[in-house]
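Analysis of the macromolecular model
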Amino acid sequence: MNVMTGAECDAREVILHDHYTGTVEMEALTLIDMINQHIVPAVKEAGVGPLADLEASVGRLKDAVAAIHAAENSYEKAQLARVLRLETMIDIRETCDAAEEVVPANIWTLATYKELLFLDSHSTDLIE
């Protein structure tokens, strides 16, 4: 069809890999912040939950992001980002969910699924 040259196809491939990798990196860094700023303090305050696993999870996330930065090319970075997003972060999410199950609701600072799905029934402010 001769829509793009080989060089244009290669450039598009790199751009798509970089976009995916960047998105996953932002998600990983956000998860690190959420664990450090909300989940770990809540677990410490409650005195229950998988504290050691959560702290280790932050290290795993940081190591995975560092590995992405050290990769040689955009394809390798995208492959590492895929593992980070679809394997590592899912495992860590299970640890975070386990913490949420045991930390009392009055200590948990993040919105629960119920609060997010039924926001109108949990809000004290009326929308006019």
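To start, this report covers the structure provided alongside it. (Residues numbered from 1 in each chain as written. Predicted model: local features only at pLDDT ≥ 70, side-chain atom pairs only at ≥ 80, totals over all residues. Heavy atoms only, no water.)

In this structure, Ile-35, Ile-39, Leu-54, Leu-61 and Leu-84 are the most contacted members of the largest nonpolar core, which totals 24 residues. Looking at this core, the elements with two or more residues in it are α1 (6-46), α2 (51-70) and α3 (74-102). Of all the elements, α1 adds the most residues to this core, at nine residues. Each residue touching Ile-39, except ones within four places of it in the same chain, is listed here: Met-34, Leu-54, Cys-96, Ala-99, Trp-108 and Leu-110. (Core = buried A, V, L, I, M, F, W, Y, C linked by side-chain atoms within 4.5 Å. Buried < 20%, exposed > 50% of the residue type's maximum accessible area, 1.4 Å probe, protein only. Helix = DSSP H or I, 4+ residues; strand = E, 2+ residues; numbered from the N terminus. Contact = heavy atoms within 4.5 Å.)

Another aspect to go through is α1. Relative to the 60 Å expected for 41 residues at 1.5 Å per residue, α1 spans 58 Å between its end C-alpha atoms, a close match to the ideal helical length. Where α1 bends most, the angle comes to about 40°, and this point is Ile-35. Within α1 the residues assigned to the buried category are His-17, Thr-21, Val-24, Ala-28, Leu-31, Ile-32, Ile-35, Ile-39, Val-40, Ala-42 and Val-43. In the core, the buried residues of α1 are packed alongside α2 and α3. Positive phi appears at Gly-47, one or two residues downstream of α1, with a value of about 75°. (Expected span 1.5 Å × (residues − 1). Bend = angle between axes of the 7 residues up to and from the residue.)

By the definition in use, this model includes three salt bridges. Residue Glu-87 is joined to Arg-82 by a salt bridge in which the shortest nitrogen-to-oxygen separation is 2.9 Å. Residue classification places Glu-87 among the partly exposed residues on the basis of a relative accessible area of 37%. A relative accessible area of 37% means that Arg-82 is categorised as partly exposed. As a salt-bridge pair, Arg-93 and Asp-97 come within 3.0 Å of each other at their nearest N and O atoms. With Arg-93 and Asp-97 both in helix α3 and four residues apart, the pair spans about one turn of that helix. (Salt bridge = Lys/Arg side-chain N within 4 Å of Asp/Glu carboxyl O.)

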